[in-house]
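Take a look at the letters that make up each chain.
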Amino acid sequence: MRLTIRRRTGRRAALLAVGAMTAGLLLTAPQQATAGPPNLLSNPGFETAGAAGADMPSCWSKSGWGDNDFTFATVADAHSGTKAMKVSLTRRVDGDRKALVTENTTCAPTVTPGRQYDLSAWYKSDTPDVSVTVFRRDTTAGWQYWTDLQNPPVSAAWARTEVRTPAVPPNTDKIAWGLSVYGVGSLTSDDYALEEVGAVPPQPACSGTAEECAKGKWEVIPAQNPVRSMHAVVLKNGKVLLIAGSGNDISQFNAGTFTSAVYNPANGSFKTIPTPVDMFCAGHVQLSDGRVLVMSGNKGYPSADGTIGYQGLKDSYTFDPATETYTKTNDMNGGHWYPSATVLGNGDVISFGGLKEDSTGNVTAEKFSAAQNKWLPMNEVNQTWSYWGLYPSMILMQDGRLFYSGSHTFGNGTPGTGASIYDYGANTITDVPGLRNKDERDESASVLLPPAQDQRVLTIGGGNNERNPAANRLTDIIDLKQPSPAYTAGPPIPQGLVDQGQGKRPQTGAEGKMFVSAVLLPDGKVLETGGGLHDRADPVFEASFFDPTTNTYQAGLATDPIPRTYHSASFLMPDGRVMSVGDNPGNGTYNHSVSIYTPPYLFKGARPQITSVIDTQWVYGDTQRITVNRPVVKAELIRPAAVTHSSDPNQRFVDLPMTVDGNNIDLNVTSNPNLAPPGWYMLFAVDANGVPSIATWVHLGGPSALAAAQEQPSAHEHAFADKLGPAKKNPAKRDSVPVPPSVAGCDRHYGTVNVCVPTRFPAEVKETTKARCDWLASHKYPKRLKVNGSDPLRLDPDRDGYAC
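Owing to the predicted nature of the structure, the values given are computational and were not obtained by experimental measurement.

## A look at the pattern of salt bridges
- Summed over all chains, the structure comprises 34 salt bridges.
- Put simply, Lys-217 and Glu-212 hold a salt bridge, and the shortest N to O gap is 3.7 Å.
- We note a salt bridge from Asp-439 to Lys-438, for which the minimum N-O separation is 3.7 Å.
- You can call Lys-438 partly exposed: its relative accessible area is 23%.

## Some thoughts on the sheet that holds strand S51 (residues 653-655)
- Here five strands make up an open sheet; going across it, the order is S47-S55-S54-S49-S51 and the pairing mixed. One side of each edge strand has no neighbouring strand; the edge strands of this open sheet are strand S47 (617-619) and S51. Taken over all neighbouring pairs, the strand axes of this sheet differ in orientation by 35° on average, direction set aside.
- Sheet analysis places strand S49 (residues 634-638) next to strand S54 (residues 679-686), joined by five bridges and oriented antiparallel. Following the sheet pairing, Leu-637 is matched in S54 by Leu-683.

## Regarding the nonpolar core
- Within the largest apolar cluster, 52 residues are counted, with the highest numbers of intra-cluster contacts made by Leu-458, Leu-521, Leu-527, Phe-571, Leu-572, Met-579 and Tyr-597.
- Those residues in contact with Leu-527, other than ones at most four positions away along the chain, are Ser-517, Ala-518, Val-519, Leu-521, Ala-543, Ser-544, Phe-545, Leu-557, Val-578 and Tyr-597.
- Ranked by size, the runner-up nonpolar core spans 38 residues in total, among them Val-613, Ala-635, Val-660 and Leu-700.

## Here we look at the environment of Asp-399
- Its location among the elements puts Asp-399 in the loop between strand S27 (394-396) and strand S28 (402-404).
- Along the backbone, Asp-399 and Asp-423 are 24 residues apart, and their C-alpha atoms lie at a distance of 9.6 Å.
- One polar contact links Asp-399 to Arg-401, side chain to side chain, over a distance of 2.8 Å.

## So, the state of the cysteines
- Taken as a whole, this structure holds four disulfides when the rule is applied.
- A disulfide bridge connects Cys-59 with Cys-107, and the sulfur atoms are separated by 2.1 Å. On the sign convention where negative is left-handed, the bridge of Cys-59 and Cys-107, at about -70° about the S-S bond, is left-handed. Taken together, the residues span a long stretch of sequence, with Cys-59 in the loop between helix H1 (13-17) and strand S1 (60-65) and Cys-107 in the loop between strand S4 (96-101) and strand S5 (117-125) at a distance of 48 residues.
- With a relative accessible area of 12%, Cys-59 lands in the buried category.
- On the basis of relative accessibility, which here comes to 6%, the residue Cys-107 falls in the buried class.
- For the protein, numbering the cysteines in disulfides from first to last along the sequence yields the connectivity 1-2, 3-4, 5-6, 7-8.

## Describing the confidence of the model for the protein
- Per-residue confidence for the protein gives a mean pLDDT of 92; residues scoring 70 or more make up 93%.
- Within the model, the stretch residues 1-33 combines pLDDT values under 50 with 109 contacts to residues more than four positions away or in other chains.
- Note that pLDDT drops below 50 for residues 704-711; the model gives that stretch 15 contacts with residues more than four away or on any other chain.

## Some words on the sheet that holds strand S9 (residues 172-181)
- With antiparallel pairing, the five strands of this open sheet are ordered in space as S1-S4-S9-S6-S7. In the strand order of this sheet, the two ends are held by S1 and strand S7 (142-150), each with one partner. Ignoring strand direction, the axes of neighbouring strands in this sheet form an average angle of 30°.
- With six bridges connecting them, S1 and S4 associate as antiparallel partners. Counted as the bridge partner of Ser-61 is Leu-100 from S4.

## What to know about the packing of aromatic side chains
- All chains considered together, the criterion is met by 31 aromatic pairs.
- Through pairs of rings, three or more aromatic residues link up here, namely Phe-253, Phe-258, Phe-280, Tyr-301, Tyr-310, Trp-337, Tyr-338, Tyr-391, Phe-410, Phe-515 and Tyr-566.
- Its end group placed over the ring of Tyr-317, Lys-328 keeps NZ or CZ at 5.6 Å from the ring centre.
- The positively charged end of Arg-784 is found above the aromatic ring belonging to Tyr-802, 4.0 Å away from the centroid.

## Examining the side chain of Asn-584
- Mapped onto the secondary structure, Asn-584 falls in the loop between strand S44 (578-581) and strand S45 (595-598).
- For Asn-584, the side chain forms a polar contact with the side chain of Asn-248, separated by 2.9 Å.

## Re helix H5 (residues 769-778)
- Within H5, burial applies to Ala-771, Arg-772, Cys-773, Trp-775, Leu-776 and Ser-778.
- Among the structural elements, strand S40 (537-541) and strand S57 (785-786) are those in contact with the buried residues of H5.
- Note on H5: the residue one or two positions beyond its end, Lys-780, has a positive phi of about 60°.

Definitions and cut-offs
- Residues numbered from 1 in each chain as written.
- Predicted model: local features only at pLDDT ≥ 70, side-chain atom pairs only at ≥ 80, totals over all residues.
- Heavy atoms only, no water.
- Salt bridge = Lys/Arg side-chain N within 4 Å of Asp/Glu carboxyl O.
- Buried < 20%, exposed > 50% of the residue type's maximum accessible area, 1.4 Å probe, protein only.
- Pairing = 2+ DSSP bridges.
- Helix = DSSP H or I, 4+ residues; strand = E, 2+ residues; numbered from the N terminus.
- Axes fitted to C-alpha atoms, helices over the stretch in contact; angles between N-to-C directions.
- Core = buried A, V, L, I, M, F, W, Y, C linked by side-chain atoms within 4.5 Å.
- Contact = heavy atoms within 4.5 Å.
- Polar contact = N/O pair within 3.5 Å; in protein donor to acceptor, adjacent residues only side chain to side chain.
- Disulfide = S-S within 2.5 Å.
- pLDDT = per-residue confidence, 0-100.
- Phe/Tyr/Trp six-rings, centres within 6.5 Å; stacked < 30°, edge-to-face > 60°.
- Lys NZ or Arg CZ within 6 Å of the ring centre and 35° of its normal.

Spelled out as C-alpha cells, the structure:
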C-alpha cells in the first residue's frame, strides 16, 4: 500500500490564462542571482571552482539517497556566466540526487528563527520529477531534512522557479537547499538565490477585551442540539452533520427512533434528518466526492444483566450533503461496533477493529473501493487476523503505510509496545517503542501535527476504563520521518478545574484528562479542550494550545462552560472558530447545549481575505493561484472533521508553500496524495499575526488520484521509518477474539442499559456501600437503580431489589 504517483506536468490551464495579466510575477520576471546581498548564497552560479582535487564547485556538495544510478557534471550550458550544474538519473528504484549547498559554517547561510526566505533558481529539465528540497541545522540536533516545497514543471528552455519557506523553526541557525531529481531524467540548474523576506509587521491592536485577546472566548448558542449526537462531521458546504442513531438510549433503540441533524452555521438552525439504522458508535469518513461514508453501528444493546454485550452492524451508508439523505451501500463483511475509518491516498477507505454481531472482537480488515463504490469481499483485502480494539487510531503516513498511534477506546492489555506501523502491501505489523503507560491511553486523542509534511504525531492523555484510575497528563510525540521512529515524552497537559460532584476544584498531582478533544487550527496550533478525570465522570474545565514548532503548551485559555466528556466532540469550522457538542456521563443524561470558541487570533484585528481562487478543482502537483487583500505568510489545506470519541485519524493540516508577488500568490500543491488524500478541504490564508481568512472550499484529486496504483516516484517520499525492528508474526486465520461483555466499563447489574454504573469506582472511593452510593448520588445517578440479578458491588444491602 505504499502509494506514490507522478505529479501532473505543467500548470493548470486556468493559471496560464492569466499569465498575461500577471507578467510582473517573479515566476516569469528574469532576475539573475548574484553573490552578495540580498542573495545570501555563496557561489550561486557555480562559477568558483572547489578546492584542489574537489569534484564540485565551491560551496556545493553531491547529495542524495536511495538505489539509483546518477551523474553530476559542471557544464558550460549556463543561464548566465560560464558554468551550470547538471544532475542526471539513468536508473532509479528509489531515492533522489541533488546538488546541495554545502552544510558548513562557511557556505550555508545564517537564518533567523521566525523569518521567511525566498528561494529561487534557473533550471532546464526533461523530467517532472524535480523538487525544491530544504535542510536546516538545529542548534542542538544538527543538520536534518526540513521539507520539500515545490515541484517545478518540465522546461526545455531556461525557466525560473521561486518559492517561499515556512517560518524558520526555533533553534535553527542555518539552512541549505537544492533541486532534487527523483525520477529518470536530467536537470540543469544555475543562478540560485536565497533572500530574506521583508520586515516583520507591527504587532496587532487588540479588538476585544484584554482577556479575549489572550485567552479567546466561549459562547453557548441559544439553539439546542436536537439530537443526542455521538458523531460530528463538517460537510463540504460548511454545514455540520451530527449523528445520534439511538443516542445511547435503549428506549429510542426499542422504538426504532434513530436520528441525525444538520447544523447550518449561516443561520444557526438545525434540521433533523431521517436515519435508517442505529448509527450509534459507527465509524465515518469523508469520501473524495464529499459524501460521508458511515459504517457499522449498533445492532443490539447489552442484556440487562450484562451477559450479552454490544453487537455491531454490518450495515453501511453514505450521506450526501447536497440532498441531506442517507443511501445504503453493500454490507461490510462483518459487524464493527466502534470501527476505525481511514481514507487512503487513492480515495479508498480501510477499517479495522470493533465488535462483531455476536459481541466478539472483529479481526478482519475491511476496504471500501472508491472506484467501485462498495466494500470489497474479504478475499480481496489483505488480512493479518489481528484485533486492533475499538476505535483504533490509524493515521495514514506519507508512503501509504498506517501508523497505529496507541489511542483507542475501551479495553486493556494493548499488545506489544502499544503503537505500531502497518504495511498493507507487505501485510506486516511492526511495533514502535516509547509510548508511556500504554495501557492507560484508553480514551486518549492522537493527531497528525501541522504540517502533515513533518509526519509528527501527538498523543494526549487517556486512562483505563477497566481499572478507572485518574486520567493522566501524558503527551507523547513521534517523528515518523526518523529511520527508527520512537515516541518521546512531550510536555504534560496543563491542569484546570475538575468537578467531582462537590463543585469545581483545582487539579493536583498527576491528574489529567481522558476523552479530550484535539483540534487543528489554521494558525498551526492544536487546541485541546474538554475531557474528564474518570471514565464518563468528573469533567475537567481546561483548554490550551499546543505549539508544534516549540513543543510547548500555552495554558490558561478560556474554558468551555459546558462539561464535555464521553460522547462529546469539538471541531474546526470554516470561519476559524471551534464548535463543541455533546456530553453523556454515566448517569445516562445528555447535554444538548452547543458551545462556540472564538480563538484569540480572531481578536487581533481585521482578517485577511482570499479575494479570488482561479480554480477550486485542484490536481496533485499543480500550482494554483490565489489573490489576497493584504500580505499573508502561509496558506494551508485543512481536512474537515469527522470525529467521535476523541478520534479523527483523518484530521490533517497540509502546508502549501507559496511563491509571492504582492497580493498574487502561487500555491504549490503536494504531489503526494498520501499527505493529502483526495477530497474537499478548507483553504486558509494566514497573516503574520496568525489571523486566518475565512476558508474557501477546494477539491483535491483528479485523474492522478485515480491512477495512483501506478508505482511512480513522489517528491515527498524520503528514506524514513525504514529501519524498523522485525515485524511481528501475524496470528493464524481466525474468526474473532473473545471480548468481555463489560468492555464498555459498565456494570449492567444496575439500572437501565444506558446508565453506566462503573465496574470499578475511582480509586479514592472506598469499597463500601455508603461510599459508592454517595458517589452515585453526587454524580446525579437515578435515585433508585433496579438491581438486575446479583449485586456484585454490594449496593443493595436491604435486598429490596434497588441500589442505594
